[in-house]
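Listed below are the residues making up each chain.
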Amino acid sequence: MQKKLTEGNITKNILFFMFPILIGNGLQRVYTLVDTMMVGRLLGTNELAAVGASSVIANLFIDLCSTFTAGFAIVIAMFYGANDEEKMKKSLASTYFLSAIITVILTVAGLFLAPVILHWTKVPVDIQPMANKYLNIMIGGLIFTLIYNMMANILRSLGDSTVPLFFLVTSVILNIFLDYFSITKFNAGVSGVAAATIISQGFSGCACIVFCVFKRKILGVKKSDFKPEGKIYKMIISQGLAMALMLSVVSLSTLILQTGINSLGTTMIAGYMAGRKYLELFMMPGAAISMTAANYVSQNFGAKLFDRIKKGVNQMYLISLIWAVISFGIIFIFGRQIIVSVTGNDASEEIIQSGIKYMRIGVCFFSLLFILVITRSSLQGLNHKKTPVFSSCIELAVKIIAVLVLVPYLGFFGICITEPLIWTINGIWIYPAFRSILKKEIILQKK
């Protein structure tokens, strides 16, 4: 249901909005883990490495779809929080139009660049054909990914994080079944795994549109709403581009880091893949709080409730710190069992130990990671785009240094410490920057 995040108990609003996102993100990660487990156990190490190497590239295009629409939704949330229905409708129309254009651009660019990126990231020659098949199918189905993410982000901008969860649950369940049958019954290999993902996302996205047409009349727009209004288009495009630029820089840095991982060989790729998938699962509460921060801050910024913004962000820091401590305990106690659940007991000890090492080093720095993502999203909610983009540029610089210096001299350990180093550097300066920007906004409001 729609909910104003500008009213009521702050902690309750945050938790009620966050939990459906957390469950949804968790389900996506669980699916990814199940997907990885099926590939690793039913197909083999080479297939696991192929999916691992190509999924990084596929996720670049998928995340671009999500972040563009998330940026557009921030503007929708601002006008919703300000109770300006006319501008909100125009923002919706602009979002629908721009999303269609973005889908075409990203699909064409992705299909053209996929083989080049695979070669550039030094994917081992023996797994390149499988990686290329997986990648082409995933990019070819970007339209379905964008439809779901666009509708989900719009619904969240109105304070509704429950409906997107419902359709996501359906998609994940369908995806798991299609994965299993594509591998065991149709012998479709990694191509079948990719096709199962696209079919499931297509179902979820289309179902979400049907629901909104009949149940969320507020999302309907008239022909006149599509009439360009310079100020609104400028806000939407600048927010979408800023978030996409930030993600592009982060994803580019991830691709650069992947070249370092790929240079270590198939065994290290498999170990990293196993550890990364589970570490991402433990990162999910931070990601959910980050998405909550963007919507919470943007609605309250539209309503000019700055004291409420400050209190809400502090509550989110506290919640994330509690989860960081819990994650630390689980990973250090059950690290081996976690990795073996992906690789199987027959995997080499080198793969297992690599996965454990990657997880344990990363979780020690979760508190700084969570501060970073919450603060960055809060700044976007305040319509400040330069600071988050700058933090992503720092990430790019550190990962370039990692590939050129840390990996050649430290090997896999260099990979393990790269992201914690980024979280530390960015976490130290971005919080004071946020407090300074919020203070300036309060002063401007009083004038």
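The structure this text deals with has already been given above.
A brief report on the enclosed structure follows. (Residues numbered from 1 in each chain as written. Predicted model: local features only at pLDDT ≥ 70, side-chain atom pairs only at ≥ 80, totals over all residues. Heavy atoms only, no water.)

### A short note on the environment of Ser-157
Link 1 in the chain: Summarising the element assignment, Ser-157 is placed in helix α5 (residues 142–157).
Link 2 in the chain: Note on Ser-157: relative accessible area 0%, which makes it buried.
Link 3 in the chain: For the pair Ser-157 and Thr-292, spaced 135 residues apart in sequence, the C-alpha to C-alpha distance is 9.7 Å.
Link 4 in the chain: Here Ser-157 is in contact with Ala-73, Ile-76, Ala-77, Tyr-80, Asn-295 and Gln-299, once residues within four sequence places are set aside. (Helix = DSSP H or I, 4+ residues; strand = E, 2+ residues; numbered from the N terminus. Buried < 20%, exposed > 50% of the residue type's maximum accessible area, 1.4 Å probe, protein only. Contact = heavy atoms within 4.5 Å.)

### What to know about the nonpolar core
Link 1 in the chain: Within the largest apolar cluster, 132 residues are counted, with the highest numbers of intra-cluster contacts made by Leu-219 and Phe-366.
Link 2 in the chain: If you tally residues by element for this core, the top one is helix α2 (residues 45–81), at 21 residues.
Link 3 in the chain: Discounting residues that sit within four places of it in the chain, Phe-366 has contacts with Leu-279, Phe-282, Met-283, Ala-324, Ser-327 and Trp-423. (Core = buried A, V, L, I, M, F, W, Y, C linked by side-chain atoms within 4.5 Å.)

### Notes on the environment of Cys-416
Link 1 in the chain: By the element assignment, Cys-416 lies in helix α14 (residues 412–446).
Link 2 in the chain: Overall, Cys-416 belongs to the buried group, its relative accessible area being 2%.
Link 3 in the chain: Each residue touching Cys-416, except ones within four places of it in the same chain, is listed here: Lys-357, Tyr-358 and Ile-361.

### Quick word on the packing of aromatic side chains
Link 1 in the chain: Going through the model one piece at a time under the given rule, you end up with 11 aromatic pairs.
Link 2 in the chain: Where Phe-167 meets Phe-211, the ring centres are 5.9 Å apart and the plane angle is 65°; that geometry is what we call edge-to-face. Of this pair, Phe-167 sits in helix α6 (residues 162–184) while Phe-211 sits in helix α7 (residues 189–215), placing them 44 residues apart in sequence.
Link 3 in the chain: The class for Phe-167 is buried, based on a relative accessible area of 9%.
Link 4 in the chain: Measuring from centroid to centroid gives 5.5 Å for Tyr-317 and Tyr-431, while their planes differ by 70°, and the two rings are edge-to-face. Of this pair, Tyr-317 sits in helix α10 (residues 306–343) while Tyr-431 sits in helix α14; the two residues are 114 residues apart in sequence, bridging distant segments of the chain.
Link 5 in the chain: Cluster of aromatic residues (ring-pair linked, three or more members): Phe-166, Phe-167 and Phe-211.
Link 6 in the chain: The ring of Phe-16 has Lys-12 sitting right over it, with the charged end atom 5.7 Å from the ring centre. (Phe/Tyr/Trp six-rings, centres within 6.5 Å; stacked < 30°, edge-to-face > 60°. Lys NZ or Arg CZ within 6 Å of the ring centre and 35° of its normal.)

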